Amino acid sequence: MKTANKIIPGLLICILFVSLCACGGAGQGNGEVTNIKNYDYFIIATTSDIVTLDPAFAYDTASAGQLENIYETLITYAADSTSEFLPCLATEWQISDGGLTYRFKIRKDVYFHNGNPLTPEDVEYSFERGMVHDYSLGPQWMFFEPLFGLGIYSSRTNDGLIPLDEIKNKVEVDGDWVQFNLANSYEPFMQILASSWGSIVDKDWCVANGDWTGTQESYFALNNPPPGGSPVNSITNGTGPFMLDYWQVATEIALVRNDNYWGEPAHFRGVVTKIVEEWSLRKLMFELGDVDCAVVPFVSYEEMSSIDEITAYDNLPTLLNQAFFFQFDIDPSSTLVGSGRLDGDGIPHDFFSDSNVRKGFAYAFDWDTYITEGMSGYGQEIASPIVEGVPYFQQDWPKYDLDLEKAENYLRQAWGGDLWEKGFELTLVYSAGDISGEIACEILQNNLFTINPLFKVNIQLMGWPNMLDNMVYGRLPMYLNGWTADYPDPHNFVFPYMHSSGTFAQWQRYSNQVVDDLIEEAVASVDKSERQLLYNQLVQLYYEEIPSIILSQNIAVYFFRDWIQGFVFNPIRPSYETYSYYLSKGY
């Protein structure tokens, strides 16, 4: 067994990109080693396909992992640092006017994969384009909030679309520089720019492929397209160290080295990501050396760590949580609600609007069993979406624990007593390949049946792109999912989980104006004591309303064949693909 223990002490904040040195700083390998399989290729076995190859749309870790090899951002991070920025497509930057003005000088002699030169106008277009498209469940809210002001998360308002001129005034070209004009100071703005949604695209190429032309008419036509509706959803043209070779949906994504890259060429000629949902097959491929790394379920951590040819980077802190999510208003097209009535054979579409149901489900979950058996101890129970490792986290926040007596009391009260008498049947969904997720579902299923045999929970696995689509449209009565930080602030956890415009809350149709106001007040405050009090209030409301059930904060282990060199962990990036540029093979 080879185990590499790497804990980053004192880590309070994280980033969205891993860099061993400045962007463009890896080196190409020298010759082939005969006893190393596929020496010139980095091959990954993972569980989930990507959703999109458009960086303005991508808001999942699988897609971001590929995009960060193909596209580049203005700035990146140094090695495993979570606070130091290094130049990438920008060579220098200035912050002035009390944090309201950000200026970036754009690197020269950089070319897109099709040979077009990078210009400051491409940078301007990239950010304006993202806000013009503004896919309703994508990442663009992170730009609207600092650029247009707190409480503004979208191009769509009650009065119609934000005028195009206002969007264009927020990002401007000044010679070799690009300037962002913020509405209010916003500490995480640099972190947002460093993530995949800050990727720079080729304006001319986008327009040639039917994308935004820069006009108001095109803005109206392209705003908030359906999932997969981006003109460049499955094609790419970045400046990064790898180029897209092909994307075979649900099977494989292949990248090839960009030999005209402005920085040092990547070590590998190509990167291949294989979508292998079944763990037994991923395991066999990994043991045979047919893949260089694999997503390993928690329950197999100890077994895989004992294999001599595999290196385990153990006990790595993450800013990632997992939760059960309730759908407050299930879409009528859902096929997972049985009869659609509270008659013992289904549930009504507003089943989870009764807080007694949600509290009963929460008290029926066994965290100790889940973390011990489902996660092999690589997790911890936390009270709210805010994870340990970000500012303002408190260990003593109120949380639920297994208590079947309390669960029964709440479920007896639910739906005026009808729930207890009639029972229910619903389907609980988890992502294909998530063995620990299956165990979590089974724990809840068994405990609810123990409380009342009329409580029937069916369990269904679903491929990730299909699951995401069903989450967006509100078709899943209840499902298991997770969140990893976009940037290191509690706002990036309470907003998606609790704000009516946040990712999960929006999908769940959950809304509470008091919660929305507290979230906006907390992120706007510059007083640390005030922010602590506001986040304490929000956690108390989360406990009382229980819009979702936080299952765990994860502790990660990364597994590679022992011939893989150069891995440096960054806790905000769970995707193996993110590390492709910095790794090599050898002994």
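That block above? That's the structure.
Rules used throughout
Here the residue numbering is sequential within each chain, running from 1 through the sequence in written order. Totals for whole chains, interfaces and linings use all residues, but because this is a predicted model, local features are given only for residues with pLDDT of at least 70 and pairs of side-chain atoms are given and counted only at 80 or more. Neither water nor hydrogens contribute to the side-chain values; these are computed over all heavy atoms in the structure. In this text, helices come from DSSP runs of H or I with a minimum length of four residues, and strands from runs of E with a minimum of two, each type numbered from the N-terminal end. For the exposure calls, accessible area comes from a 1.4 Å probe over protein chains only, and a residue counts as buried if that area is under 20% of its type's maximum, exposed if over 50%, partly exposed in between. In this description, contact between two residues means that some pair of their heavy atoms is separated by no more than 4.5 Å. Each accessible area is a Shrake-Rupley result for a 1.4 Å probe, and residues are judged covered by the shown protein chains and nothing else. When charges are counted, neither His nor the chain ends are considered; positive counts come from Lys and Arg and negative counts from Asp and Glu. Where a charge lies is defined by one atom per residue type: Lys uses NZ, Arg uses CZ, Asp uses CG and Glu uses CD. Note on definitions: angles span 0 to 180 degrees between N-to-C directions of axes, and those axes are lines fitted to C-alpha atoms, for helices only across the stretch in contact. In this scheme, roughly parallel covers angles under 35 degrees and roughly antiparallel covers those over 145, while 65 to 115 is roughly perpendicular and the rest are oblique. The handedness criterion is simple: a crossing whose near helix is rotated anticlockwise from the far helix by less than a right angle is left-handed, and one whose near helix is rotated clockwise is right-handed. Under the pairing criterion, centres of Phe, Tyr and Trp rings, with the six-membered ring standing for Trp, must be within 6.5 Å; the plane angle then separates stacked pairs below 30 degrees from edge-to-face pairs above 60, leaving the rest tilted. Every patch collects residues that have over 30% relative accessible area and no salt bridge, joining them within 9 Å if they carry like charges and within 5 Å if they are nonpolar side chains (Val, Leu, Ile, Met, Phe, Trp, Tyr). Throughout this description, the term salt bridge denotes a Lys or Arg side-chain nitrogen within 4 Å of a carboxyl oxygen of Asp or Glu. Two strands are counted as paired when DSSP detects at least two bridges linking them.

## Side note on the overall build of the protein
Along its length, the protein carries 19 helices and 22 strands. In terms of overall dimensions, the protein has C-alpha extents of about 70 × 60 × 45 Å along its principal axes. Residues classed as buried in the protein amount to 61% of the 587 residues present. Put simply, 73% of the contacts in the protein that link residues at least 6 apart link residues at least 24 apart. Summed over all atoms, the accessible surface of the protein reaches about 21,100 Å², with 47% contributed by carbon and sulfur. For the protein, the separation between the mean place of its 32 positive charges and that of its 78 negative charges on side chains is 2 Å.

## Regarding the packing of helix α10 (residues 355-363) against helix α12 (residues 404-413)
At a closest axis distance of 8 Å, the pairing of α10 and α12 adopts a crossing angle of 160°. The pairing of α10 with α12 is recorded here as roughly antiparallel in orientation. Classified by chirality, the crossing of α12 by α10 is left-handed. Judged by residue contacts, N356, V357, K359, G360, F361 and Y363 of α10 engage L404, K406, A407, Y410, L411 and Q413 from α12.

## Describing the packing of aromatic side chains
Tallied over the full model, the rule gives 54 aromatic pairs. The interplanar angle of 15° and the centroid separation of 5.4 Å between the aromatic rings of Y125 and W212 together place this pair among those described as stacked. A residue pair is termed long-range when its members are at least 10 positions apart, and Y125 in helix α2 (residues 120-133) and W212 in the loop between α6 (203-208) and α7 (216-222) qualify at 87 residues. Residues Y125 and W212 agree in their burial class; the two are buried. Through pairs of rings, three or more aromatic residues link up here, namely Y59, W197, F325, Y479, W483, Y497, F504 and W507.

## A closer look at a negative patch on the surface
Side chains of D517, E521, D527 and E530 sit close together on the surface and give a patch of like negative charge. Along the chain, D527 turns up in the loop between α18 (513-524) and α19 (528-545).

## Details of the environment of F493
In this structure, F493 sits in helix α16 (residues 491-498). Once the C-alpha coordinates of F493 and V387 are considered, the two residues, 106 residues apart in sequence, prove to be 8.0 Å apart.

## Considering the sheet that holds strand β10 (residues 177-181)
Strand order in the open sheet formed by four strands is β5-β6-β10-β9, and the pairing between neighbours is antiparallel. Unpaired on one side and paired on the other, β5 (90-96) and β9 (171-174) mark the two borders of the sheet. For this sheet the average axis-to-axis angle between neighbouring strands, irrespective of direction, equals 20°. Relative to β10, β9 is paired through four bridges, and the arrangement is antiparallel. Directly across from D174, in β10, lies its bridge partner W177. Along the sheet, α2 makes contact with β6 (101-106), β9 and β10, crossing β9 at roughly 175°.

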